[in-house]
Amino acid sequence: MTRLFIARIRSAQGERPLVTVRAAAEGEARLFLEAHYPDDTVEAVVEPEEWVSDADTGTAPGDIREQAGVWWPASAEPRL
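In this text, all values refer to a predicted model and were calculated from it rather than measured experimentally.

### Some details on the overall build of the protein
Regarding its fold elements, the protein presents 1 helix and 5 strands. N-terminal to C-terminal, the α/β element order of the protein is β-β-β-α-β-β. Relative to its length of 80 residues, the protein is compact, with a C-alpha radius of gyration of 11 Å against a globular reference of 12 Å. With respect to the principal axes defined by its C-alpha atoms, the protein has extents near 35 × 30 × 25 Å. Going through the 80 residues of the protein one by one, you find that 39% of them count as buried. Contacts in the protein between residues far apart in sequence, at least 24 positions, make up 63% of those at least 6 positions apart.

### Structural notes on the nonpolar core
Membership of the largest hydrophobic core is limited to 12 residues, which are Phe5, Ala7, Ile9, Val19, Val21, Ala23, Ala29, Leu33, Tyr37, Val42, Val45 and Ile64. Listing elements by their share of this core, those giving two or more residues are strand S1 (3–11), strand S3 (19–23), helix H1 (26–36) and strand S4 (41–46). Apart from residues no more than four positions distant in its own chain, alanine 23 is found in contact with Thr2, Arg3, Phe5, Glu28, Ala29 and Phe32. Counting 7 residues, the second largest nonpolar core, distinct from the first, contains Leu4, Ile6, Trp51 and Trp72.

### Description of the pairing of S1
Two elements, S1 and S3, share 5 bridges in a ladder whose sense is antiparallel. Counterpart to arginine 3 in the pairing with S3 is alanine 23. Sheet analysis places S1 next to S4, joined by 5 bridges and oriented antiparallel. Paired with alanine 7 across the two strands is valine 45, which belongs to S4. Judged from the 2 bridges that link them, S1 and strand S2 (residues 14–15) form a sheet pairing that is antiparallel. What sits directly across from arginine 10, in S2, is glutamate 15. Connecting the antiparallel pair S1 and S2 is a turn made up of 2 residues.

### Quick notes on the environment of glutamate 66
Here glutamate 66 is to be found in strand S5 (residues 64–66). On the basis of relative accessible area, glutamate 66 is assigned to the partly exposed category, the value being 36%. Residues glutamate 66 and leucine 31, 35 residues apart in the sequence, show an inter-C-alpha distance of 16 Å. Filtering out sequence-adjacent residues up to four positions away, glutamate 66 remains in contact with Arg16, Pro17, Leu18, Val19 and Tyr37. Only 2.9 Å separates the side chain of glutamate 66 from the side chain of tyrosine 37, close enough to count as a polar contact.

Thresholds, definitions, all that
Residues numbered from 1 in each chain as written. Predicted model: local features only at pLDDT ≥ 70, side-chain atom pairs only at ≥ 80, totals over all residues. Heavy atoms only, no water. Helix = DSSP H or I, 4+ residues; strand = E, 2+ residues; numbered from the N terminus. Rg over C-alpha atoms; globule rule 2.2 N^0.38 Å. Buried < 20%, exposed > 50% of the residue type's maximum accessible area, 1.4 Å probe, protein only. Contact = heavy atoms within 4.5 Å. Core = buried A, V, L, I, M, F, W, Y, C linked by side-chain atoms within 4.5 Å. Pairing = 2+ DSSP bridges. Polar contact = N/O pair within 3.5 Å; in protein donor to acceptor, adjacent residues only side chain to side chain.

In structure tokens, the structure reads:
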């Protein structure tokens, strides 16, 4: 079963819109993202806590979607 993760991706041109990915675990989500964006930096991958979307976020493992016009939510900052 997959879970939804949101990711913060930075390219050479700047930050990408919010990216969603379906995976079984955070480590797997990061692997999918690194393979999909080999020239970019995956800055963070977290499960969305308060972030809600009515956009298509996929259902299968490895489904990656850029959410155009949506940017990284401050509430998703990883907690240390």
